Amino acid sequence: MDLSHVILYAIVPIIVVMLAGFIAGKKGAFSGQDAKKFNKVVLDFALPAALFVSIVQASREDLAKDIKLTLISAVGIMACFMLVYFVFRLFKKNTGADAAVSALISGSPTIGFLGFAVLEPIFGTTPRVALVVAIVGIVVNAIGIPVGLSLMNASLDDTDPKKTKQSFWKPVLHALAQPVAWAPILAVVWVLIGIPWPKAASPSFDLIAKANASMAVFSAGITLSAIKISINWQAILGSIMKMVLMPAVLLILGLIFKMDPMNLKMLVVAGALPPAFSGIIIADEYDTYVATGTTSLTLSVILFIGFCPLWIWITDLCLTAF
């Protein structure tokens, strides 16, 4: 794969749009609260539409190929998630809640915000890209977040009124009730049943779907402009684990179990994405590990510029060798 194409068509546009959002936030044109509203448009409308209309155009054969993708995504991402938790639990000053937030940040890729923006310019606008985004998104939101909240709740002090515990199943049900979760599931069921998708219906979804990538990246820039940066060793370690550990684990699993080469490339790039912004939102809500987590997120966004083409190159080498 031509790395110059990856840089010019996937990395540079993200930097430009994210920088525009960052500058707009610093100049006061938009605030962190505005970013949350943009995020809601992305997660509740644009991204679900993009996932649904892309997946319903797939075939049953495509879905059959993606069973292996689903299993490797779930095992690989959650293995990295738990490893991050246990590594950060070793730091003496960290509580279990701090380690849980670290896992929610450094153990979760921001697939919902940057998935289409990165994968489509590299791999094309195809149903297979949408399936990767949908599968990884469901793993992060329907498995990772509930597990992270459960680990956090287990460590919270019952005497602290500011830290309210939640049940394990509440965030699971809440995640599945969101359009970004049930829309791709509905699309998969649609394909399995074998209902033909009328092509004339696609333009009605495409208009809002096309706003997904640009609005998500611009909103990410605003979010970064509104958060405090505090560089320390834990933030650096979190960034390295996110940029190196997760894509490496997914690549190794994919090679061992002989994944489809194109699916493997997309999954490795998805694993190399910066941390999920949902981790920062949860950290802020619980007032736990906010400064370090935010710094790790920011460093990862910067490192992604180099690591994205690097992991594509490494994956191509491994696929050629094995």
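The structure reproduced in this document is the subject of the present report. As the structure is a computational prediction, the values presented were derived from the model and not from experiment. (Residues numbered from 1 in each chain as written. Predicted model: local features only at pLDDT ≥ 70, side-chain atom pairs only at ≥ 80, totals over all residues. Heavy atoms only, no water.)

**Concerning the pattern of salt bridges**
In step 1: Overall, the coordinates contain three salt bridges when judged by the stated rule.
In step 2: The partner of Lys 40 in a salt bridge is Asp 44, and the shortest N-O contact between them spans 2.9 Å. You can see Lys 40 and its partner Asp 44 sitting in helix α2 (residues 32-55), four residues apart, about one turn around the helix.
In step 3: For Lys 265, the salt bridge is made with Asp 316, and the minimal N-O distance between the two is 2.9 Å. With Lys 265 in helix α12 (residues 261-271) and Asp 316 in helix α14 (residues 290-321), the pair connects residues that are 51 residues apart, well separated along the chain. You'll find Lys 265 and Asp 316 in the same group, each marked buried. (Salt bridge = Lys/Arg side-chain N within 4 Å of Asp/Glu carboxyl O. Helix = DSSP H or I, 4+ residues; strand = E, 2+ residues; numbered from the N terminus. Buried < 20%, exposed > 50% of the residue type's maximum accessible area, 1.4 Å probe, protein only.)

**Some thoughts on the packing of α2 against helix α9 (residues 202-209)**
In step 1: Closest axis-to-axis distance for the α2/α9 pair is 8 Å, and the angle between their directions is 140 degrees. By the criterion of interaxial angle, the relationship of α2 to α9 is oblique. Judged by the twist between their axes, the crossing of α2 over α9 is left-handed. Residues Phe 45, Ala 46, Ala 49, Ala 50, Phe 52 and Val 53 of α2 form the contact with α9, whose own contacting residues are Ser 202, Phe 205, Asp 206, Ile 208 and Ala 209. (Axes fitted to C-alpha atoms, helices over the stretch in contact; angles between N-to-C directions. Parallel < 35°, antiparallel > 145°, perpendicular 65-115°, else oblique. Left-handed = near helix turned anticlockwise from the far one by under 90°. Contact = heavy atoms within 4.5 Å.)

**Details of a nonpolar patch on the surface**
In step 1: A surface patch of nonpolar side chains, about 460 Å² in accessible area, is lined by Ile 7, Leu 8, Tyr 9, Val 12 and Val 16.
In step 2: Relative to the helices and strands, Val 16 is located in helix α1 (residues 3-26). (Patch = residues over 30% accessible without salt bridge, like charges linked within 9 Å, V, L, I, M, F, W, Y side chains within 5 Å. Areas by Shrake-Rupley, 256 points an atom, 1.4 Å probe, with all protein chains shown as cover.)

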